[in-house]
Amino acid sequence: MGELEELVLLIVAVMNGQGYSIGIIGELSQRTGRNIAIGAVQTVLKRMEDKGWVVSEWGEATKERGGKRKRYYSITAQGQQLLAQNRAQRNNLWNAIIKIEGKYGTA
Amino acid sequence: MALHNFRPPHWPLRILRWILPPEIQEEIEGDLTEKFHQDVNKLGIRQAVRRFYRGCLSILKLRLIFNLNLNLISARHWIILTSIAALILIISIAPFMPGTTIEFSHSLAQFIHASGYLGLFILPLGMLWLIIEMRNEKNQELTRWTNGYYLAWLTLTPLLLIYLMILTKTTAEILGGSITTIIPHAILIPILVFLVSRIQKLKHKANYYFNAIPLYIVIIPLITIFISHFIVENVANLRREKLIILTEPLITAIEKYKTDHGIYPEQLNLLQQKYIAQLPTLKYKGVNGYHYKTSQGSFQLSFEQLWHWNATDVTMYSPQNHVVVKGNYDKISTRYPNWYHYLAD
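Residues numbered from 1 in each chain as written. Chains lettered and ligands numbered in written order. Predicted model: local features only at pLDDT ≥ 70, side-chain atom pairs only at ≥ 80, totals over all residues. Heavy atoms only, no water.

Chemist: When you look at helix α10 (residues 213-261) of chain B in this model, what are you seeing that I'm missing?
Modeler: In an α-helix there are 3.6 residues to a turn, and that puts residues three or four apart on one side. All names here are of chain B. Taking 1.5 Å per residue as the helical rise, α10 with its 49 residues ought to reach 72 Å, and the 69 Å between its terminal C-alpha atoms agrees with that figure. The largest bend in α10 is about 35 degrees, located at T247, with the proline P249 one to four residues further on. One or two residues past the end of α10 sits G262, with phi positive at roughly 80 degrees. (Helix = DSSP H or I, 4+ residues; strand = E, 2+ residues; numbered from the N terminus. Expected span 1.5 Å × (residues − 1). Bend = angle between axes of the 7 residues up to and from the residue.)

Chemist: Quick question: what am I supposed to make of the interface of chain A and chain B here?
Modeler: Quoted interface sizes are often the accessible area lost when the parts come together. With 22 residues of chain A at the interface, the matching set in chain B holds 20 residues. Summed over both sides, the interface between chain A and chain B buries roughly 1,900 Å², with carbon and sulfur atoms accounting for 59% of that surface. Connecting chain A to chain B are 6 salt bridges. Of the charged contacts, one joins B:E27 and A:R71 as a salt bridge, the two residues approaching to 3.6 Å between their closest N and O atoms. (Contact = heavy atoms within 4.5 Å. Buried area = accessible area lost by both parts, 1.4 Å probe. Salt bridge = Lys/Arg side-chain N within 4 Å of Asp/Glu carboxyl O.)

Chemist: Any chance you could explain the confidence of the model for chain A here in plain terms?
Modeler: Reading fine detail from the predicted coordinates is not recommended where pLDDT is low. The predicted model of chain A has a mean per-residue pLDDT of 88, with 93% of residues at 70 or higher. Put simply, helix α4 (residues 77-104) of chain A is where chain A has its lowest mean pLDDT, 85, and strand β2 (residues 69-75) of chain A is where it has its highest, 94. (pLDDT = per-residue confidence, 0-100.)

Chemist: Can you help me understand empty space enclosed by the protein in this one?
Modeler: A probe matching the size of a water molecule, rolled over the atoms, marks out where space remains unfilled. All names here are of chain B. Across all of its chains, the model carries 3 cavities of 30 Å³ or more by this definition. Lining the second largest cavity, in full, are L13, L16, R17, L20, Q25, I28, E29 and L32. The dominant element in the lining of the second largest cavity, judged by the number of residues it contributes, is helix α2 (residues 22-43), at 4 residues. Broken down by class, the residue content of the lining of the second largest cavity amounts to 5 nonpolar, 1 polar and 2 charged. (1 Å grid on protein atoms, 1.4 Å probe; cavity = no way out; pocket = protein on both sides within 12 Å on 5 of 7 lines; lining within 4 Å. Points joined across faces, edges and corners; volume = space filled by probe spheres on them. Nonpolar A, V, L, I, M, F, W, Y, C, P; charged D, E, K, R; others polar.)

Chemist: Got a minute to help me understand the packing of aromatic side chains in this structure?
Modeler: Where two aromatic rings form a pair, the distance of their centres and the angle of their planes describe that pair. Tallied over the full model, the rule gives 13 aromatic pairs over all chains. Counting every residue linked through ring pairs, the aromatic cluster contains B:Y264, B:Y290, B:Y292, B:F299, B:F303, B:Y317 and B:W339. Taking NZ or CZ as reference, A:R69 lies 4.2 Å from the ring centre of A:W58, over its face. Of note, A:R71 hangs over the ring of A:W58, and the distance from its end group to the ring centre comes to 4.2 Å. (Phe/Tyr/Trp six-rings, centres within 6.5 Å; stacked < 30°, edge-to-face > 60°. Lys NZ or Arg CZ within 6 Å of the ring centre and 35° of its normal.)

Chemist: Honestly, a positive patch on the surface in this entry has me stumped. Any pointers?
Modeler: All names here are of chain B. A cluster of basic residues, K42, R46, R50, R51 and R54, forms a positive patch at the surface. The element contributing the most residues to the positive patch is helix α3 (residues 45-59), with 4 residues. Locating R54 in the fold gives a position in helix α3. Relative accessible area serves as the criterion here: at 52%, R54 is assigned to the exposed category. (Patch = residues over 30% accessible without salt bridge, like charges linked within 9 Å, V, L, I, M, F, W, Y side chains within 5 Å. Areas by Shrake-Rupley, 256 points an atom, 1.4 Å probe, with all protein chains shown as cover. Lys, Arg positive; Asp, Glu negative; His and termini not counted. Charge placed at Lys NZ, Arg CZ, Asp CG, Glu CD. Buried < 20%, exposed > 50% of the residue type's maximum accessible area, 1.4 Å probe, protein only.)

Chemist: Which parts of the structure should I look at to understand the sheet that holds strand β3 (residues 312-317) of chain B?
Modeler: Working definition: the strands of a sheet are paired by backbone hydrogen bonds and lie parallel or antiparallel to each other. Residues and elements named next belong to chain B. Here we have 5 strands laid out as an open sheet, ordered β1-β2-β3-β5-β4, and antiparallel in their pairing. Here the strands that pair on one side only, and so sit at the sheet edges, are β1 (291-295) and β4 (332-333). In the sheet, strand β2 (residues 298-306) pairs with β3 via 6 bridges, with the strands oriented antiparallel. Among the inter-strand pairings, S302 is bridged to a residue of β3, identified as M316. The sheet strands contacting α10 are β1, β2, β3 and β5 (339-344), and the helix crosses β2 at an angle near 155 degrees. (Pairing = 2+ DSSP bridges. Axes fitted to C-alpha atoms, helices over the stretch in contact; angles between N-to-C directions.)

What follows is the structure in structure tokens.
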């Protein structure tokens, strides 16, 4: 799983079924300060949908969208499991750093 | 003024509608429009338009565009393509096969190769048409913009114009008495008529079915160029080597004559019966007989074979490396001692 994939999947999970690409871009920008293009988010979302990490459904059409519908993304059980695994791996690494710091002291 | 009164530029969306698969068109168009309205609100119309173009460009990603359905190419299409490739191969190597010279087989091969290179010009449009054909979904309603009608004409028009120019030149040749030049056109004109009739059918294509014409437009030139570059040249090189081997007894006979008489023979006929039973015959299409001449106590033996694009490949033997090149090209050594070849205009 790439870094952008992980970030987008986390945002989809945070938005809890209300995440669509423009919303995800805004949320990502607000929470991490990263600005990404629509094409990049769409590519990641389609790839994650193919892998079964997210599912999507059509939402409402609005005037700002020129009468086009939104597509809302939600995280699947498989996606949640993947995030949990990633988190556990990172926690292990962080724990290892703490142990090293305890043994040799910090610089 | 209400925000939604500002509209994003229309033509990039139109292009995206053409390029993107139908299942993601609505979502992406909506996203781009919503982002445009957000940017108008925050940054003003000029900056929003600039960002809108940038957003459209960001959509042009392989993952989003090339969601091609390769299953559309059926066994029938592969059989047709393989048969066409085999036919091009046979036509291309026919002028280099053993047999009597037939001018027609050489001009037909040249015609096919020239058509292959000509096809390269329409390859990008053909690819665009192929992508659209492979992106449309079954049961999807089609318009002239999505059924490939305009793109098909755009692809074929330059070819038809170039062909008309060639046809004008050929007509003059035919009127001048060169009847064989009519044969490639007799093959090509029905193909063009068939293509035009298929494109006209596209005009009324309202429901989806896979049209394989762009597949052939893309693949046939590539096959032709591959055969022309990698196969025909190797076949011609092989033929040169065969002819060199065939000529070796003649060289031995000339040297024997020199040992007996102290000079090289003035003519090859002088060798017959005593030194060689019969002069080797070069039974290959497009290969002329031997050219033989003596000068300054040495001799030069050569034969010519037709090459690509009306060039002539001259292969020469001279015992003291006295090869004189007439054309604009450098002589090239062969793997046989004292044998060289060069291309003449």
